[in-house]
Structures are given as C-alpha cells and as structure tokens.
Amino acid sequence: MSEKVLMCGNEVVGEAAIQAGCRFYAGYPITPQNELTAYMARRMPEEGGVFIQAESELAAISMVFGASLAGARAMTSSSSPGISLKQEGISYLAGNELPAVIVNMMRGGPGLGNIAPAQSDYFQATKGGGHGDYNLIVFGPANVQELAELMGAAFDLADRYRNPVLILGDGILGQMMEPVKIKKRVGKLACPEKDWILTGAKGRSPRIIRSLILKEGELEKHNRHLQDKFRVMKEKEILYEEEGIDDAEIILVAYGTSARIAKAALNQVKSEGIRAGIIRPITLWPFPEKVIADVSSRINCFLVIEMSAGQMVEDVRLAVSGKCPVHFYGRTGGGVPTAEEISRKIRELL
Amino acid sequence: MKKVFSLPESMKDVWTHYCPGCGHGVIHRLLGEVIDELGIREKTIGVAPVGCAVIAYDYFNIDMTEAAHGRTPAVATGIKRILPERVVFTYQGDGDLAAIGTSEIIHAANRGERITVIFVNNAVYGMTGGQMAPTTMLGQVTATTPGGRDSSAGYPLKVSELLAILPGTVFLCRTAISNPANIRKTKLAIKKAFQVQLENKGFSLVEILSPCPSYWRLSPKEAKEWIEEKMIPNFPLGVIKGNLKDA
Ligand SMILES: Cc1ncc(C[n+]2csc(CCOP(=O)(O)OP(=O)(O)O)c2C)c(N)n1
C-alpha cells in the first residue's frame, strides 16, 4: 500500500498497526471507532494475527496484557466510556512495564454522553487515568496521514520504553475519509529483541512479570525507575508543529481536530493583517511546554481551542506561568468550534 | 535407596506465606507434581490471581505473571492465543473467579479457550480478611455476614455447573482436599485438566473445595470436617462434564 488510497481514520489505524507489526487486537464495539474493530476482524486473520471480540473493555485490555507479555505487538481501541473501563488494565500495563498501544476515538461525555466528536478525555489521557504514578506517551494526530505515521511510532516507542502508548483521536478523525499513504513494512521489523517475555522457562530460569512489590522500599524503587523512564520521554519524545510564531501577537494552541479548524481561522485573520501563529502539540504527553514558555514573554496572549470545557488549557497556563494572558475558547458535549467562531474570538482579544 | 518424596522440579524450595491448615499449599504441591509428571515445566505459563495466592509465582519454578483482580482468564487468553503451543493455566480463588471475574471466566469458557483453570473454592475472601464470597454457605458467618449469610446476599454460587452448559467447556470437575483420598482424586483431576489442554480439546477447570481455617475460625482439623459436613452437600464432588477415565 505505498500508493495513496482513500480510507477512513479508523481503518487507517488498523492497517498502519498491522504494517507496524501488530499481531494481536482485542476490542469491544463502541461508536465512533467501530470501523477499526471490524477492520481488524477481517485483516488480522489474513496476517496470521489474532482478533478477539472481547466480552468487555476490561477483558480486552487484559487480553492485550497477556499478548504483550507473551511477546506480541498488541493493541486495543475504544471510545471514551470504554477507555474509562480500560484504565484498570492500562495501570497494570504501566506497572508491569508492558508495551501496548491503545486508541481512544473520543466522544462526548461525561457518562454515556453522545457519539459526537469531543476532546474531553485529555485529563484522563495525560494525567495518568488509572491509579498510581505513571504516564503514557499520548499522541494527538490531526489528520489521517499523521494518524498512519504515528501508529508506527506508537508501537516502536511502546517497545522502546516498555510502556503503553495512547493515540488520542476523536470521532471526526476516526470516521473522516482522506487520501493516505501507509508505509508498507518490508523485511524484518525494527522490533527490539525482547529478553523479558514469558514463553515457558526452557533452558533458562523462570521469569515473573508482576506489579505487586511488597518488600519495604522496593515499590518506591520501582516507581523511581518508572519516573526515570518518564523523564527520558520528556527529554526525547516531544513533538509539535508551529506556524508563524516568530512575529505573532497572538498564538493559538490546539491539537487534533481543533487544530485543523484553528488553522482555518488563522488564515482568515491573517488576511485581515492580524499577526497570529499556532502551536499544535502532537504529543500531548510529554507536553511541548518549552516552546510555549519561550514565546510567552514576547506575545500579547495565547488562545487555546479545544472540544472540551477546558483541559489542555491548564497545561498551557502551567507552561506560560503568568507571563501573558491565556484565553480559552471551547465547545463541549460534542460541539465543534467553527473557524468563524474562533476568528471572532481572536478579533475580540486584540 | 529409592527416593519416594521430594520437591517437584516445578516448585521453588521456599517457605510459603500461607496460614496453618490453608489449602493453597496442598494445591500448589499437587499442581507442581502434575506439571512435573506431564513433563511440561519448560512450556508452562501460569497466571496468578488477586487473592491469597497472589504471589504463587514466588513458589513455582515456571514462568508466571499476575492479572488484575478477576481478569485472570482474559490474561491467559492473550498469552495462549499468541503462544498456542504453550500450556497456560490460571489459579484463582472464588472472589477472583466467581465475583469480580465472573464475566471473564464465563466468556473464556464459552470461547473454549485452551486454558486450564485451577479454581480454589474456600467459601470466603481470605486475602482481605474473611468477607463473604459468592460461594459462602447460607448461614456462614463472615466479616460481612455477621449474622450468617442469608439468601438476600445470594446463594452459594455453583460456577462449575453454570459452565457445564457451555459447549466450549470440555472437562469440569469438583474435588476437595479434605482427606488423603480426595487429595489423590484432586491430583488426578488436575492432571486430566492439563491433558485436555495438551490435546487441544478446549477449556478445562478443576474446582477444589479448600479449607480456610483462619477465616472459618476453626482448627485445621475442624476445617477439613467442615468441608465434608457443610460444603460437599452444597457443592457435590465429581466430574461435572467430560470424563476422568484416561487420566
Ligand atoms: C479491583 C480490586 N478490588 C478489590 C481488591 C481487594 N481484594 C484482594 S483479594 C480479594 C478477594 C480474594 O478472595 P478469593 O478470590 O476468594 O481468594 P482467597 O484470598 O480466598 O484465596 C479482594 C476483594 C483488589 N485487589 N482489586
């Protein structure tokens, strides 16, 4: 599949995962990510991989846990209410240092909410989500092509750090059809040799994979080791895109679908002579706080745009640390901001 | 001189943390012996539960992992589907299997997962201090049924009988470790359950009635009698599905 094809985001996630060597998928249906589960049901057997429609998200993530510790590149996907259930297993994956990729095509919440696109699981995704001291690398792709590319990166990083990676999309990204080029993997995967997996203790001493660490002081030691990994991720894995920030008087900060709309607004106001720029975080954790901090003393203000009541805006405010005003424009409950709404807000602020 | 009793190679030479008279130690030993006798130590992967047996991996000389409370069969499913040539078992208590993990056990069984489940029914939650389990007897006093369990808290749940109606289950057997004869039968059943998996036939489970003297507030000897007097009438022993013949 080295040519451009027209595919929806959910199917692209599936194909890109397969090309990245994913051979285990377990999931439970939920809109707006059902195309992915169905795609995996069809494609996994063709690739000699495993597809399981699990009895629940709790089971699906635990199946991924089992497949991962047996050495497979494994993933699961869901949308907001299902991701809440998966938090149990995500915490266990992080505690056990098991790689896995989890996809959340967010919908409106809280509760059952609705099936419209949203970005209101940002806190859950970037601040831990489940119990305990841990973080996930969280990607917030803004278009279908980027989604394809980040899937490969997600599996590589999950293996490199032995930690789960989360793809945070939304219903629009999942269901939108766009032309896409999915890199076809040729030859052997760049998959590190895993000398820690369980395969049966043949010709070696037995291995134990566990997160229960009872001996005094040992869990703290383990947690410090995890924190060391998270520190390296913060140093090495931050990704963002910026445009026009050098001479900007106002900088928009937005990710995923909101960032696409924000860019349209940016073009509108630029044609009116407003000097506006944008910072689009691609990793939501680790968060690109440095670039935000660096520009904050020379601009007029930030405007953060989200499909939520205001979640990522808190990270922007932390980075800015009072050096300039940070404004927010958000739609919630499945509402999607329009470029006109954002442009109006920008004009208001200047 | 012929050595007639030694530590199975499948077990580590360590003390366990179990209470005096607890059944987990006996069941561990039987499991170790069976794994040795089948010659599968180097291709077996075990999944420990959340419960008193949570650190079972410290006692077995085989590859092992943990699972979130009750998700044990889901973790085993993931392992087995990736490594179909390996032998995969779960070891679960009645809280892990019959309360929080009811969904996972039913669906793993219904898919006919090629795994073996060692289900330790001690009619109580040991780990957390002796609360009611789904398998607690009517009238039994526990930390959360101070007046004895009455039916408004549910009846003792017969999981093996429930699983028997599922086409995916091949071998289901209930045994007890209340006396030497029953212990021998338990070992036979465990062996059979693993053979079913080795022959790739489907899902197998052995439910073992096991004493918890600490939370039954009985002596180890009384606890064994209590199994025979109180538990067996409610949880009849024997093969529930399949047959033991060629074990
Ligand atoms: C999600 C979750 N809920 C509750 C607990 C607390 N907990 C630990 S073990 C256990 C019950 C164990 O009982 P059982 O499965 O019967 O095993 P036993 O200890 O009797 O061997 C509970 C409720 C937990 N660890 N995780």
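Computed from a prediction, not measured in an experiment: that's the story for all the values here.

1. A look at the overall build of chain A
And step 1. The secondary structure content of chain A amounts to 12 helices and 15 strands.
And step 2. Against the globule reference of 20 Å for 350 residues, chain A gives a C-alpha radius of gyration of 20 Å, in line with a compact fold.
And step 3. On the principal axes, the C-alpha backbone points of chain A span a range of 70 × 50 × 40 Å.
And step 4. Residues counted as buried form 59% of the 350 residues belonging to chain A.
And step 5. The contacts of chain A with a sequence gap of at least 6 include a subset with a gap of at least 24, amounting to 79%.

2. Points about the overall build of chain B
And step 1. The helix and strand inventory of chain B stands at eight helices and nine strands.
And step 2. For 247 residues, the compact-globule estimate of 2.2 N^0.38 gives 18 Å, and the C-alpha radius of gyration of chain B, at 17 Å, lies within 12% of that figure.
And step 3. Expressed as lengths along the three principal axes of its C-alpha atoms, the size of chain B is roughly 50 × 50 × 35 Å.
And step 4. Across the 247 residues in chain B, those meeting the buried criterion constitute 56%.
And step 5. Accessible area of chain B: about 9600 Å², with a carbon and sulfur share of 58%.
And step 6. Taken as two groups, the 27 positive and 23 negative side-chain charges of chain B have centres that lie 4 Å from each other.

3. A few points about helix H8 (residues 218-236) of chain A
Every α-helix carries 3.6 residues per turn, so stepping three or four residues along brings you back to the same face.
Residue and element names in this part refer to chain A.
And step 1. The first and last C-alpha atoms of H8 sit 27 Å apart over 19 residues, in line with the 27 Å expected at 1.5 Å per residue.
And step 2. Inspection of H8 places His222, Leu226, Lys229, Phe230 and Met233 among the buried residues, and these make up the whole buried set. In an axial view of H8, the angular spread of the buried residues amounts to 95 degrees, which keeps them on one side of the axis. Along H8, exposed side chains directed more than 90 degrees from the buried face belong to Lys221, Arg224 and Glu235.
And step 3. Buried residues along H8 sit in contact with helix H4 (80-96), strand E6 (137-139), helix H6 (144-161) and strand E13 (283-285).

4. A word on the sheet that holds E13(A)
Paired through backbone hydrogen bonds, the strands of a sheet run either parallel or antiparallel to each other.
Residues and elements named next belong to chain A.
And step 1. On the basis of which strands lie adjacent, the open sheet formed by seven strands has the order E3-E2-E4-E5-E7-E6-E13 and mixed pairing. Of all the strands in the sheet, the pair left with one neighbour each is strand E3 (50-53) and E13. Each strand axis lies, on average, 20 degrees off the axis of its neighbour in the sheet, ignoring direction.
And step 2. Note that strand E5 (residues 100-106) and strand E7 (residues 164-170) share seven bridges and pair parallel. Within the sheet, the bridge partner assigned to Met106 lies in E7 and is Asp170.
And step 3. Against the sheet, H4 makes contact with strand E4 (73-78), E5 and E7, and its axis sits at roughly 160 degrees relative to E5, the strand it touches most.

5. Points about the packing of aromatic side chains
And step 1. Here the structure, examined in full by the defined rule, presents seven aromatic pairs over all chains.
And step 2. On the basis of an interplanar angle of 90 degrees and a centroid distance of 6.1 Å, the ring pair of Phe230(A) and Trp285(A) is categorised as edge-to-face. Of this pair, Phe230(A) sits in helix H8 while Trp285(A) is found in strand E13, placing the two residues 55 residues apart along the sequence.
And step 3. Three or more aromatic residues link up through ring pairs in this structure, and these residues are Phe60(B), Phe89(B) and Phe194(B).
And step 4. Between Arg162(A) and the ring centre of Trp196(A), over which it is positioned, the NZ or CZ distance is 4.0 Å.

6. A closer look at the domain arrangement of chain A
All names here are of chain A.
And step 1. The domain architecture assigned to chain A consists of domain 1 (5-236) and domain 2 (241-349).
And step 2. Measuring from the centre of the C-alpha atoms in domain 1 to the corresponding centre in domain 2 gives 28 Å.
And step 3. Taken together, both faces of the contact between domain 1 and domain 2 bury some 2400 Å²; the carbon and sulfur share is 54%.
And step 4. Remark: the boundary between domain 1 and domain 2 carries three salt bridges.
And step 5. When the shortest N-O distance is used, the salt bridge between Arg280 and Glu146 registers 2.8 Å.
And step 6. Contributing elements (two or more residues each) for the side of domain 1 that touches domain 2: helix H5 (122-126), E6, H6, E7, helix H7 (171-175) and H8.
And step 7. Of the residues assigned to the side of domain 1 that touches domain 2, the class counts are 19 nonpolar, eight polar and six charged.

7. Description of the interface of chain A and chain B
And step 1. Across the contact, 35 residues belong to chain A and 34 residues belong to chain B.
And step 2. In this assembly, chain A packs against chain B so that about 2600 Å² is buried in total across both faces, 59% of it on carbon and sulfur atoms.
And step 3. When residues of chain A are sorted by the area they lose upon contact with chain B, Glu55(A), Pro206(A) and Ile208(A) head the list and together hold 18% of the total.
And step 4. Across the chain A-chain B interface, the total number found is four salt bridges.
And step 5. Two residues, Glu55(A) and Arg111(B), come together in a salt bridge whose shortest N-O distance is 2.9 Å.
And step 6. For the pair chain A and chain B, the interface holds 16 residue pairs in polar contact (both at pLDDT 80 or more).
And step 7. The biggest single contributor to the side of chain A that touches chain B is helix H3 (residues 57-69) of chain A, with eight residues.
And step 8. Pairing of strand E9 (residues 208-209) of chain A with strand E2 (residues 63-65) of chain B, which is carried by two bridges, proceeds in the parallel orientation. Bridging across to E2(B), Ile209(A) finds its partner in Thr65(B).

8. Overview of the side chain of Glu57(A)
Residue and element names in this part refer to chain A.
And step 1. Inspection of the secondary structure assignment puts Glu57 in helix H3.
And step 2. For the buried Glu57, no salt bridge is present, and the opposite-charge side chain at shortest range is Lys86, 5.8 Å distant.
And step 3. Setting aside chain neighbours within four positions, we find Glu57 in contact with Tyr28, Ser78, Gly82, Leu85 and Lys86.

9. With respect to the site of the ligand
Residue and element names in this part refer to chain B.
And step 1. Around the ligand, a shell composed of 16 residues is seen, among which Cys52, Asp94, Gly95, Asp96 and Gly126 lie nearest.
And step 2. Between the ligand and Asp94 there is a distance of 2.6 Å, counted from an oxygen atom to a side-chain nitrogen or oxygen.
And step 3. Here the ligand, which alone exposes 590 Å², has 75% of that area covered by the protein.
And step 4. Of all the secondary structure elements, the ones that give two or more residues to the shell around the ligand are helix H3 (94-98) and strand E5 (124-125).
And step 5. Ranked by the residues each element gives to the shell around the ligand, the list is headed by H3, at three residues.
And step 6. Here the shell around the ligand is built from residues that sort into six nonpolar, eight polar and two charged.

10. Notes on the packing of helix H9 (residues 256-270) of chain A against helix H12 (residues 339-349) of chain A
Residue and element names in this part refer to chain A.
And step 1. Between H9 and H12, whose axes approach to 8 Å, the crossing angle comes to 55 degrees. Overall, the two elements H9 and H12 adopt an arrangement that is oblique. When the axes of H9 and H12 are compared, the crossing they make is right-handed. Touching Ile261, Ala262, Ala264, Ala265, Gln268 and Val269 of H9 are Ala339, Glu340, Ile342, Ser343 and Ile346, all from H12.
And step 2. Classifying every residue of the contact of H9 with H12 gives eight nonpolar, two polar and one charged.

11. So, the pairing of E4(A)
All names here are of chain A.
And step 1. With six of six residues buried, E4 is to be regarded as a mostly interior element.
And step 2. Here E4 shows a buried face lined by Arg73, Met75 and Ser77 and a second buried face lined by Ala74, Thr76 and Ser78.
And step 3. Bridge count between strand E2 (residues 22-27) and E4: three bridges; the pairing is parallel. For Cys22, the partnering residue across the bridge sits in E4 and is Arg73.
And step 4. The sheet contact formed by E4 and E5 spans four bridges and is parallel. Counterpart to Thr76 in the pairing with E5 is Ile102.
And step 5. Handedness of the crossover is the feature at issue here: the chain leaves E4, passes through H4, returns alongside E5, and the resulting connection is right-handed.

Conventions we followed
- Residues numbered from 1 in each chain as written.
- Chains lettered and ligands numbered in written order.
- Predicted model: local features only at pLDDT ≥ 70, side-chain atom pairs only at ≥ 80, totals over all residues.
- Heavy atoms only, no water.
- Helix = DSSP H or I, 4+ residues; strand = E, 2+ residues; numbered from the N terminus.
- Rg over C-alpha atoms; globule rule 2.2 N^0.38 Å.
- Buried < 20%, exposed > 50% of the residue type's maximum accessible area, 1.4 Å probe, protein only.
- Contact = heavy atoms within 4.5 Å.
- Areas by Shrake-Rupley, 256 points an atom, 1.4 Å probe, with all protein chains shown as cover.
- Lys, Arg positive; Asp, Glu negative; His and termini not counted.
- Charge placed at Lys NZ, Arg CZ, Asp CG, Glu CD.
- Expected span 1.5 Å × (residues − 1).
- Arc of directions from axis to C-beta.
- Pairing = 2+ DSSP bridges.
- Axes fitted to C-alpha atoms, helices over the stretch in contact; angles between N-to-C directions.
- Phe/Tyr/Trp six-rings, centres within 6.5 Å; stacked < 30°, edge-to-face > 60°.
- Lys NZ or Arg CZ within 6 Å of the ring centre and 35° of its normal.
- Domains from an automatic or database assignment.
- Buried area = accessible area lost by both parts, 1.4 Å probe.
- Salt bridge = Lys/Arg side-chain N within 4 Å of Asp/Glu carboxyl O.
- Nonpolar A, V, L, I, M, F, W, Y, C, P; charged D, E, K, R; others polar.
- Polar contact = N/O pair within 3.5 Å; in protein donor to acceptor, adjacent residues only side chain to side chain.
- Near = heavy atom within 4 Å.
- Parallel < 35°, antiparallel > 145°, perpendicular 65-115°, else oblique.
- Left-handed = near helix turned anticlockwise from the far one by under 90°.
- Right-handed = clockwise from strand over helix to strand, strands pointing away.

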